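# Tertiary structure, described
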Amino acid sequence: MNVFRFELRRAWMGAAVWTLVLIGLLSGLITAALPAFLESRTGVENMLANFPPAFAAAFGMQMDNLFSFAGFYAFGFLYYSLFGAIMAASIGLDLFSREKRDKCMDFLLTKPRARSRVFCEKLLAALTLILASNALFIAASLALYYAYAPAPLMPERALLAASALLLTELVFLAIGACAAVFARKVRSVSGTATAIGFGGFILSALHSILEEEKLRYITPNKYFDAAKAFFDGAFEANYALTGAFLTLALIVAAYVRYTRADIPVL
Amino acid sequence: MAYAIETKKLTKYYGKARGIVDVDLAVEEGEIFGFIGPNGAGKSTTIRTLLGLIKKSGGSASIFGMDCEKDKVKILSEVGYLPGEVFYYDNMRAVDLLRYSASFFKKDCTARIRELADTLSLDLNKKIEDMSQGNKKKVGIVQGLLHAPRLIILDEPTSGLDPLMQRTFFDLIQRENERGATVLFSSHILSEVQRICDRVAIIKEGRIVDLRSIDDLRKNSYKKVSFTTENPIADFSLAGVRQIAHDGQQTSFLYSGDINALLSKLASLPLIDADVSEPELEEIFLHYYEDGEAAK
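Thresholds, definitions, all that
- Residues numbered from 1 in each chain as written.
- Chains lettered and ligands numbered in written order.
- Predicted model: local features only at pLDDT ≥ 70, side-chain atom pairs only at ≥ 80, totals over all residues.
- Helix = DSSP H or I, 4+ residues; strand = E, 2+ residues; numbered from the N terminus.
- Rg over C-alpha atoms; globule rule 2.2 N^0.38 Å.
- Buried ≥ 20, exposed ≤ 12 C-beta atoms within 10 Å, placed from the backbone.
- Contact = placed C-beta atoms within 7 Å.
- Nonpolar A, V, L, I, M, F, W, Y, C, P; charged D, E, K, R; others polar.
- Core = buried A, V, L, I, M, F, W, Y, C linked by C-beta atoms within 7 Å.
- Pairing = 2+ DSSP bridges.
- Domains from an automatic or database assignment.
- Axes fitted to C-alpha atoms, helices over the stretch in contact; angles between N-to-C directions.
- Parallel < 35°, antiparallel > 145°, perpendicular 65-115°, else oblique.
- Left-handed = near helix turned anticlockwise from the far one by under 90°.
- pLDDT = per-residue confidence, 0-100.

Helix and strand counts for chain A stand at 11 helices and zero strands. The order of α-helices and β-strands along chain A, N terminus first, is α-α-α-α-α-α-α-α-α-α-α. Relative to the compact-globule value of 18 Å for 266 residues, chain A shows a C-alpha radius of gyration of 20 Å, a close match. Considering only C-alpha atoms, chain A reaches an extent of 65 × 35 × 30 Å along its principal axes. Relative to its full complement of 266 residues, chain A shows a buried share of 41%. Pairs at least 24 residues apart make up 77% of the contacts formed inside chain A by residues separated by at least 6 positions.

Here you go:
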């Protein structure tokens, strides 16, 4: 497991910073913005009424449920999932393109370790980072739910809604890993991960504006909808399955490429 | 008998582009085997196929009797590899990289890392990105040898090393060979190969064009001769001269034969200047082209 340990040591700091940003954003929105929204509901409603409907939809401000803990959490989820997507894509890109970026594929792949095992150890390290980050995010979400949500409480729904971020991040981890393995060169992990994350965000906004259901099948940020989890107690099966299938397909494609590709001379 | 390295009709195409074609090699255990050819001839392709970095298109390749693709992991535990250009992870000290490298082998390499670093005067606590190209190469040498491999594969290993360090490096390789290691030494510099190898295979345009002992190569080695005379010389004949060219007062050719005969002949001329040197590899390879054309 030396590759696993090596990757964890190299990548944990970045994941820790992203986790702090995510929990900071979550805490800020729930502890500061939500009470302010609820206190000045009429003013906010008037303000939102003046927004173009497409604009409000694109940024997740749906008037019908914005003034509840669940609705506000779902509104915030658009942004948690943007940041989470960038973090997960960044982890996938970083771990799976490390040797390509540093031009040391020869170093790693001439060691007595099967490429399949190297891939699995890297994947395990990436999953460990994402699971650890999400464990903290879910714990923070539940703590805030208990502190700020009105009775009756439904913690299982809060747990499911918070876990939407984990599932969304897994999709983006697979996208990042696949991009890293198939790209000839990865110049900037942060730049590429940001582009992937914002790509997902733009698709999500387009879906909200156009309300075209087919578009949702190619919108990774909306495969696991926190609002549905909160209000219906479940994700929509067709989109959740699409997300699961896409994640699996991307990981398998990355695995096949990583284990079989020729390593060219630098 | 199992060879340290054995390839039979080993072939690699990159799409339609030729890599290597029908390469037959048999490197015996314990020898230092030279692998020489100009850039693009197929040396690195052969080595990368042996190491499992690229997949062959045809033929077979084995190391210590094990198949290079099926038994890659077992083979790599016995192999140390030093590429021509060395690159390592950013923001890492040499000692950390070498510990990581050692962690792939089921043995304690700590003492050997120290010993090799001392031999090469390498500061292990320095960050690799702050090192000169020569020192990075030393890190590469240590990481290639730290597990005392049975087979050492060197692909253009001396680039970036100063002459003094090259001598230390060759001494180190010879010591490894005395310990029992087999060495495959790839280079495009003939003198390097002549310095330490027992036998040499010559590769040109993806095919092995010759395989001979270093003694044989020395006996048949060419010198590049050029001289300038007061007046142009129309005729210069001596057994062993080939590729003669006249350019005004200057005459140049490749010579293979008794050096005393050459010097006597030159001494009889009204010389202004004379130069006897080792020919470029390309010039030596013209000989193989000529022989190939003649055979047709």
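Secondary structure assignment for chain B yields 10 helices and 14 strands. Judged by the C-alpha coordinates and their principal axes, chain B covers about 70 × 45 × 35 Å. Residues counted as buried form 38% of the 296 residues belonging to chain B. A separation threshold of at least 6 residues defines the contact pool for chain B, and within that pool the share at least 24 residues apart is 68%.

Before going further, it helps to spend a moment on the interface of chain A and chain B. Each side of the interface is counted separately: chain A has 17 residues, and chain B has 19 residues. Those elements that place two or more of their residues in the side of chain A that touches chain B are helix H1 (2–39) and helix H5 (105–109) of chain A. Counting residues per element, the side of chain A that touches chain B draws most heavily on H5 of chain A, at three residues. In terms of residue class, the side of chain A that touches chain B is made up of nine nonpolar, two polar and six charged.

The next subject is the nonpolar core. By size, the foremost hydrophobic cluster in this structure holds 69 residues, and its most contacted members are Ala89, Ile91, Ala161, Ala164, Leu173, Ile175 and Ala226 of chain A. Excluding residues that lie within four positions of it along the chain, Ala161 of chain A makes contacts with Tyr73, Ala226, Ala229 and Phe230 of chain A. If you look at the next biggest cluster of nonpolar residues, it comprises 68 residues, including Ile5, Ile20, Ile47 and Ala117 of chain B.

What follows concerns the pairing of strand S11 (residues 223–229) of chain B. Residues in a regular strand project their side chains so that they alternate between the two faces of the sheet. Across six bridges, S11 of chain B lies against strand S13 (residues 250–255) of chain B in antiparallel orientation. Along S13 of chain B, the bridge assignment pairs Thr228 of chain B with Gln250 of chain B.

What follows covers the domain arrangement of chain B. Put simply, an interface is often sized by how much accessible area is lost when its parts join up. Once the domains are mapped, chain B shows domain 1 (5–218) and domain 2 (223–278). Each of domain 1 of chain B and domain 2 of chain B has a C-alpha centre, and the two are 39 Å apart.

All names here are of chain B. If you walk across this open sheet you meet the four strands as S2-S1-S4-S5, and the pairing is antiparallel. Strands at the two margins of the open sheet, each flanked by one partner only, are strand S2 (17–27) and strand S5 (66–67). Examined bridge by bridge, strand S4 (residues 58–63) and S5 share two bridges and lie antiparallel to one another. Paired with Ser62 across the strands is Asp67, a residue of S5.

A few words now on the sheet that holds strand S14 (residues 271–277) of chain B. Residues and elements named next belong to chain B. One open sheet holds the four strands; their spatial order is S12-S13-S11-S14, and the pairing between them is antiparallel. Two strands close off the open sheet at either side, each with one partner strand: strand S12 (241–247) and S14. Neighbour-to-neighbour, the strand axes of the sheet open up by a mean angle of 15 degrees, direction not taken into account. For S11 and S14, the ladder comprises six bridges, and the chain directions are antiparallel. Counted as the bridge partner of Thr228 is Asp273 from S14.

All names here are of chain B. Interhelical geometry of helix H3 (residues 94–102) versus helix H5 (residues 133–145) gives an angle of 25 degrees and a closest axis separation of 9 Å. It follows from the interaxial angle that H3 and H5 lie roughly parallel. As for how H3 packs across H5, the hand of that crossing is right-handed. Of H5, the residues touching H3 (which contributes Ala94, Leu97, Leu98 and Ser101) are Val139, Val142 and Gln143. Each residue belonging to the contact of H3 with H5 can be placed in one class, and the counts come to five nonpolar, two polar and no charged.

Attention shifts here to unusual backbone geometry. Following Ala151 of chain A, the chain continues to Pro152 of chain A via a peptide bond in cis, the omega torsion being 0 degrees. Along the polypeptide, Pro152 of chain A turns up in the loop between helix H6 (115–148) and helix H7 (155–182). With phi around 50 degrees, Glu156 of chain B is a residue other than glycine that occupies positive phi space. For Glu156 of chain B, a count of 20 C-beta atoms within 10 Å gives the class buried. Positive phi outside glycine occurs at Glu205 of chain B, with the angle close to 45 degrees.

The topology assignment puts Val171 of chain A in helix H7. Between the C-alpha atom of Val171 of chain A and that of Phe245 of chain A, which follows or precedes it by 74 residues, the distance is 9.4 Å.

A few words on the environment of Leu10 of chain B. All names here are of chain B. You can see Leu10 is positioned in strand S1 (residues 5–14). With 14 residues separating them in the primary sequence, Leu10 and Asp24 have C-alpha atoms 6.6 Å apart. Sequence-distant contacts of Leu10, defined by excluding residues within four places in its chain, comprise Ile20, Val23, Thr46, Thr49, Lys56, Gly59, Ser60 and Ala61.

This brings us to the confidence of the model for chain B. When pLDDT is averaged along chain B, the result is 89, and 93% of the positions lie at 70 or above. Within chain B, the lowest mean pLDDT, 56, falls on helix H10 (residues 281–295) of chain B, and the highest, 97, falls on helix H2 (residues 72–76) of chain B.

Residue and element names in this part refer to chain A. At their nearest, the axes of H7 and helix H8 (residues 189–210) sit 11 Å apart, and the two run at 135 degrees to each other. In this view, H7 runs oblique relative to H8, as classed from their interaxial angle. Viewed along their axes, H7 and H8 form a crossing whose handedness is right-handed. Where H7 approaches H8, its residues Phe172, Ile175, Gly176 and Ala179 are matched on the opposing element by Thr192, Ala193, Ile196 and Gly200. Of the residues assigned to the contact of H7 with H8, the class counts are five nonpolar, three polar and no charged.

Our next topic: the pairing of S4 of chain B. Residues and elements named next belong to chain B. One ladder, built from five bridges, connects S1 with S4; its direction is antiparallel. By the bridge assignment, Thr11 is partnered in S4 with Gly58. Joining the antiparallel neighbours S4 and S5 is a turn of two residues, in which Phe64 adopts a positive phi near 50 degrees.

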